[in-house]
Amino acid sequence: MSEGLPYLWLVLFVAALVCVSAGWLWGAAWLQQWRRLRVRSQPFPRAWREVLRQRMPAFRTLPADLQLQLKKHAQVLLAEVPFIGCNGLVVTTEMRVLVAAQAALLLLNRRAASFRNLRQVLLYPEPFIVDRAQTDGHGITDDTRRVLSGESWQQGQVILSWPDVLAGAAVPDDGHNVVIHEFAHQLDQETGPANGAPYVFGRAARQRWAATMSAEFDALGQRLARGGDGLIDAYGATNPAEFFAVTSELFFERPQALASAHPLLFRELSSCYRTNPLSW
Ligand SMILES: [Zn+2]
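Just so it is clear, the model here is predicted, and its values are computed rather than measured.

Thresholds, definitions, all that
Residues numbered from 1 in each chain as written. Predicted model: local features only at pLDDT ≥ 70, side-chain atom pairs only at ≥ 80, totals over all residues. Heavy atoms only, no water. Buried < 20%, exposed > 50% of the residue type's maximum accessible area, 1.4 Å probe, protein only. Helix = DSSP H or I, 4+ residues; strand = E, 2+ residues; numbered from the N terminus. Pairing = 2+ DSSP bridges. Right-handed = clockwise from strand over helix to strand, strands pointing away. Donors = N, O, S within 2.8 Å, 3.2 Å for Na, K, Ca; no water. Tetrahedral: all angles 85-135°; square planar, octahedral: opposite > 155°, others 65-115°. Phe/Tyr/Trp six-rings, centres within 6.5 Å; stacked < 30°, edge-to-face > 60°. Contact = heavy atoms within 4.5 Å. Salt bridge = Lys/Arg side-chain N within 4 Å of Asp/Glu carboxyl O. Axes fitted to C-alpha atoms, helices over the stretch in contact; angles between N-to-C directions.

*Asks:* Could you clarify how one ought to interpret the pairing of strand β2 (residues 120–124) in this entry?
*Replies:* Look at any regular strand and the pattern is simple: side chains alternate between the two faces of the sheet. With four of five residues buried, β2 is to be regarded as a mostly interior element. When strand β1 (residues 83–85) meets β2, the two strands line up parallel, connected through three bridges. From the neighbouring strand, Gly 85 faces β2, where its bridge partner is Leu 123. You can see the chain leave β1, run along helix α5 (residues 93–104) and come back into β2, and the turn it takes is left-handed. With five bridges joining them, β2 and strand β6 (residues 157–161) adopt parallel strand pairing. Paired with Val 121 across the bridge in β6 is Val 158.

Pasting the structure below:
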């Protein structure tokens, strides 16, 4: 028997394996696209529309084309992402729709109809307590207990306190919205651990993003050190990831104030989110 034959079989086997894997991956992506198209072609249920009308005043301020986009993105999120009630909370349609619709604000004008890593949304009936070891800038670790209204994990979980979701939606112009905050973290976490650097297309744009965000982050730290007042909440100075999440809340809820006080920051957020709330 020729010595070349086993080698030939190995090559054929590897080629077959590559073809099957590529076919499987392509098939899975195609199936997901097909399912999403089917979900998006369904009418937006009247009961869901009623939730937006009663609970999300920000929805009414959107131009008609963005309202339609938001509803389609929300439909995909609701079809794909399980919502889990914690501490005895029974998850209702109102809860699911209000979370999905606010999260969908961050997806406007994007081709991706969902958050890439998102696996589950966990809802609590009140702000929840987490015990966690935290290491400060000097390397000293401390066990801390914190009460949170929301959290986002890189493994794809978003955790929210329902009363805070409701309150965030009810007042659309105070710059505080836990859903926008936590889903901004999800976008950030698509590129690795949250660090305030979500995906931005193009090398030059990424450099401009990094330069602007770090200058604005430093300016916030200096302002707080001086004890001065300003638009951006002190929590944004925690780290660059929180800075991105906190300024995202302002971008969607207080665009006029953010654009006039921090025009460069506003421009970067506008290109990241592919929309300009000043024109709504
Ligand atoms: Zn945060």
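*Asks:* Which parts of the structure should I look at to understand the coordination of the zinc ion?
*Replies:* Octahedral metals with six donors have ideal donor angles of 90 or 180 degrees. Tetrahedral metals with four donors have an ideal donor angle of 109.5 degrees. Surrounding the zinc ion are the protein donor atoms His 181 (NE2), His 185 (NE2), Glu 242 (OE) and Glu 242 (OE), which sit 2.1 to 2.6 Å from the metal. One can describe the site at the zinc ion as irregular: its four donor atoms subtend angles covering 54 to 144 degrees at the metal. With a relative accessible area of 7%, His 181 lands in the buried category. A relative accessible area of 5% means that His 185 is categorised as buried.

*Asks:* Help me understand the environment of Ala 225, please; the structure alone is not making it clear to me.
*Replies:* Topologically, Ala 225 is positioned in helix α8 (residues 203–226). The exposure class of Ala 225 is exposed, given its relative accessible area of 69%. As a C-alpha pair, Ala 225 and Phe 201 span 24 residues in sequence and 34 Å in three-dimensional space.

*Asks:* Sorry, what's going on with the packing of aromatic side chains here?
*Replies:* Between two aromatic rings, the relevant description is the distance of the centres plus the angle of the planes. Counted under the stated rule, the structure contains eleven aromatic pairs. The interplanar angle of 85 degrees and the centroid separation of 5.5 Å between the aromatic rings of Phe 44 and Trp 48 together place this pair among those described as edge-to-face. Note on Phe 252 and Tyr 273: the rings are 4.9 Å apart at their centroids and 65 degrees apart in plane angle, and the pair reads as edge-to-face. With Phe 252 in helix α9 (residues 240–253) and Tyr 273 in helix α11 (residues 263–273), this residue pair connects regions lying 21 residues apart in the sequence. Of the two residues, Phe 252 and Tyr 273, neither departs from the other in class, the shared state being buried.

*Asks:* How do you make sense of the environment of Gln 189 when you look at a structure like this?
*Replies:* Inspection of the secondary structure assignment puts Gln 189 in helix α7 (residues 178–189). For Gln 189, a relative accessible area of 7% translates into the label buried. For the pair Gln 189 and Cys 272, spaced 83 residues apart in sequence, the C-alpha separation works out to 14 Å. Not counting the four nearest positions on each side in its chain, Gln 189 is found in contact with Asn 117, Ser 152, Trp 153, Gln 154 and Ala 194.

*Asks:* I keep staring at the pattern of salt bridges and nothing clicks. Help me out?
*Replies:* Oppositely charged side chains are able to pair whenever their charged atoms sit close together. The tally for this structure, following the rule as stated, stands at six salt bridges. With a shortest N-O distance of 2.7 Å, Arg 36 and Glu 80 are connected by a salt bridge. Placement of Arg 36 in helix α1 (residues 4–41) and of Glu 80 in helix α4 (residues 64–80) is noted, with a sequence separation of 44 residues between them. Look at Arg 36 and you get buried, because its relative accessible area is 12%. Notably, a salt bridge pairs Glu 268 with Arg 208, separated by 2.7 Å at the nearest N-O pair. With Glu 268 in helix α11 and Arg 208 in helix α8, this pair connects stretches of sequence that are 60 residues apart. Within the structure, one salt-bridge network assembled from shared partners comprises Arg 208, Arg 267 and Glu 268.

*Asks:* Quick question: what am I supposed to make of the sheet that holds strand β5 (residues 150–152) here?
*Replies:* Backbone hydrogen bonds hold the strands of a sheet together, and the pairing may be parallel or antiparallel. Strand order in the open sheet formed by four strands is β1-β2-β6-β5, with mixed pairing between adjacent strands. In the strand order of this sheet, the two ends are held by β1 and β5, each with one partner. Strand-to-strand twist of the sheet, defined as the mean angle between neighbouring strand axes without regard to direction, takes the value 15 degrees. Alignment of β5 against β6, held across three bridges, turns out to be antiparallel. The residue of β6 that forms the bridge with Ser 152 is Val 158. Sitting on the sheet, helix α6 (residues 162–170) touches β2 and β6, and the angle it makes with β6 is about 80 degrees. α7 contacts β2, β5 and β6 of the sheet and is inclined by roughly 170 degrees relative to β6.

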